[in-house]
Amino acid sequence: MGAPSTLESTKTNTSIELSGAEAVIKSLIHEDVDLLFGYPGGAIMPVYDALYNYQNELKHILTRHEQGAIHAAQGYARASGKAGVVIATSGPGATNLITGIADAQIDSTPLVCITGQVISQLLGTDGFQETDVIGISMPVTKWNYQVTSAEEIPEAIAKAFYIARSGRPGPVLIDITKDAQFAQLNFDYKKCESIRSYEPIPTTDQNSLKKAAELVNNSKKPFMIFGQGVILSGAEKELNQVVEKTGIPAASTVLGLSALPTTHPQYVGMVGMHGNYGPNLLTNECDVLIAVGMRFDDRVTGDLKRYCKQAKIIHIEVDPSEINKNVRCDIPLLGDAKEVLQSLLPLVNSNTHPDWIDEFEKCEKIEFEKIVQKEFFPKSDQISMGEVLNKINNITKGDSIVVTDVGQHQMISCRYAQYNYSRSSITSGGLGTMGFCLPAAIGAKLAQPLRQVIAIVGDGGFQMTLQELGTIKQFGIDIKIIILNNEFLGMVRQWQELFFEKRYAHTEMQNPDFIAISKGYGLESKKVSKRDELNNALEEMLSFDGSYLLEVKVGKEDNVFPMVATGASVSEVRLE
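Below is a summary of the structure that appears in this document. (Residues numbered from 1 in each chain as written. Predicted model: local features only at pLDDT ≥ 70, side-chain atom pairs only at ≥ 80, totals over all residues. Heavy atoms only, no water.)

### As for the sheet that holds strand 18 (residues 480-485)
We count it as follows: Two strands pair under a simple rule: DSSP has to find at least two bridges between them. Counting from the N terminus, the helices are DSSP H or I runs at least four residues long and the strands are E runs at least two residues long. Throughout, a contact is declared for two residues whenever any of their heavy atoms are within 4.5 Å. The axes are straight lines fitted to the C-alpha atoms, using for helices just the contacting stretch, and the angles between their N-to-C directions are given from 0 to 180°.
Spatially, 16-15-17-18-20-19 is the arrangement adopted by the six strands of the open sheet, whose pairing is parallel. Only two strands of the sheet have a single partner each, and these edge strands are strand 16 (425-426) and strand 19 (524-528). In this sheet, strand 18 lies alongside strand 17 (residues 453-458) in parallel orientation, the contact comprising five bridges. Residue pairing across strands places V457 opposite I483, the latter belonging to strand 18. Running at roughly 140° to strand 17, helix 17 (residues 408-416) makes contact with strand 15 (401-404), strand 17 and strand 18 of the sheet. Sitting on the sheet, helix 23 (residues 531-543) touches strand 17, strand 18, strand 19 and strand 20 (548-553), and the angle it makes with strand 20 is about 165°.

Written as C-alpha cells, this is what we have:
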C-alpha cells in the first residue's frame, strides 16, 4: 500500500498536551509495546530524550548497528507473534534498516520502524544526514508515511500497527521530522481498527470450500504443503486436525517449519531446493495438492512448466495477489488460514492413505541410506554439519528455538533440526540475508526468555554482524551460538563445484580467531575440531548458565543434498 495523502482523524474526548517526541513513546505504550530496538542519532534524539522518562515501561535494546536492530526486531516478532519495533535516526541510520525491512517484507514479518528526519524546512535540500527514506523504503514496506507535524503522530502510529499486524503481516515505516518531534500537541490515542478501502482478510467463498472438500474426499494421493501463513494466523491446531482427519501427508516450506511437530506421523519433511527427497519427488505424483499459507516460491517449485501439472491444486491464502501468481490453482480459498481450515474440517471425510504414505516412507529410506546416514555418521575424520545437528537433537529433544543464518548450515539445520513447538524455527527465507542470525537470536530470546535459543551460523554470515556480541554481553542475553566453520562461503562454493567446474572464485575465507573475539566481548567460548570432543562440548554449552559461543570446524568441501538445481523439475531432485 502506498502512503495516503492525509491521515483520517480519530479522536476521543480527553487529551493531554505533550511534545511530539513524547507522543511517540506514549503511542507505543498504548500499543502494548514493552521492548524496542534501536540506535540513537541527531534526528531521532528528541524521541530518545523522551524515552529517558519511560525506562520502566519501555525497555530499549541498544544494538551495535541499525541492521542488528532491525534483525533483532524480526527475531522478536517471529518468536512472539507481536510486531517488532525499531527506531533509528535519519540518513545512514534509516538506510541501514533497509535490508532488514526488505527481508521482513518478503517473509511477512510485522515490524513498525520509526525513523527521525531533518526539520521540515530542510526536506529536499540535501541537508546533513537527509535521505529520502520514504522513497527508498516504499518498494519494501507494506505502508510508509512521513510525519511533518506533531498532531499526526498518534494516528500515524496507530495506523502503522494495524497495517503491520493485520492480514498478511509486513513492515511499515514512519518517518518523523525533527521539528514535529519538538512541537506540542494535544495527545489523544485511539487504536486503529479499520482503514477505508483496506480489507486485510478477504471473505472465503463457501461454494469453493465445498468444491475443495469434494476434491480432497475423492483423492487417492492427496498432498499438503504448508507455509508460514499457518503460523502467522495461529492455525497450527486446525492444520493438525485437518491432517489427522484426512490422513494426508504434509510437508513444510522453510518458513513453515515447526507449525507441525517434526515427530508427527504424517509430517513427511520439507520441500524446496534442499528439501527432503520424498516431498519433492512426489509433488509431481499427487492427484490433489493443498497449499496452505505458502506462496509457491521458485525454491519450492523448481521449473514452473513442470511443477505439479498432474494434480488439482487448492490454494489457501490471505493475500489475493498470490493467487495464480506463480502456480495456477483450480480452487482458490481466500481468507485467513485458521478460519479456512476451521470451515474445511467438518466438510472433509475421515480417511487414511496407507499406500500413498508408504511411498513417502520408501523415499525416506532411500534418502537415509544415501545421505542422512553419511551426514550423521561420517566416515571422514572431519566433523559434518549434519552430525552436529543430530547431536543437538539428542540433547535438546526438539524443545529449543533454532535461529539460523543463510547458507549450507541453514539448509542442514532446516533439514535436520527437530521441533516440538510452533515458532521454533527462525531464519531468513525469501531474501536470504547473511548476518540475520545473531541479532535475530537476540530478539527471539527477548521474546521467549524461558526457552533455550540456539543460533547456528556459518563463518561468513557471523562476520557480517558479529559486533552484536556486544549487545548480548551488555544486556546479559543468554544465547547459545554455534559457528559451523568450513572456511568457505559454503553454499556459493557448492554451486561453484557443481556448476562452475570447481572454479572457487573468491569464496575461501581467511577467518579471524573467533574464540579470541568472543572472549574480547566477555563471552564464554570454545573451539572443537575433533569428533570425540563434540558431544561433551555441546552438552557443556547447552547447560551453561549464560551466553556461550562454540566454534565447530567442519568439512571444508562438504555439500548439501538432496538438491533441486535451478531450472530443474522437482522430479529431478539430486541425491548426490
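This is not the end of the story, as more comes after the structure.
### What to know about the pairing of strand 17
Let me state the cut-off plainly: Between buried and exposed lies partly exposed: a residue is buried under 20% and exposed over 50% of the maximum accessible area for its type, with that area taken using a 1.4 Å probe on protein chains only.
Burial analysis of strand 17 places six of its six residues in the buried class, which makes it a mostly covered element. Bridge count for strand 15 against strand 17 is four bridges, and the pairing is parallel. The residue bridging I401 from the neighbouring strand is V453, located in strand 17.

### Topic: the pattern of salt bridges
Oppositely charged side chains can form a pair if their charged atoms are brought close together. Rules: Definition used for salt bridges: Asp or Glu carboxyl oxygen within 4 Å of a side-chain nitrogen of Lys or Arg.
All chains considered together, the criterion is met by 21 salt bridges. As a salt-bridge pair, D358 and K362 come within 3.5 Å of each other at their nearest N and O atoms. Of this pair, D358 and K362 both sit in helix 15 (residues 354-376), four residues apart, roughly one helical turn. Residue classification places D358 among the partly exposed residues on the basis of a relative accessible area of 30%. Put simply, K556 and E487 hold a salt bridge, and the shortest N to O gap is 3.6 Å. Here K556, found in the segment after strand 20, pairs with E487, found in the loop between strand 18 and helix 21 (490-499); they are 69 residues apart in sequence, far enough to count as distant. Among the residues examined, K556 registers a relative accessible area of 26% and is labelled partly exposed. Taking relative accessible area as the criterion, E487 reaches 25% and is therefore assigned partly exposed. In this structure, a network of salt bridges that share partners links the residues R168, D319, E322 and K325.

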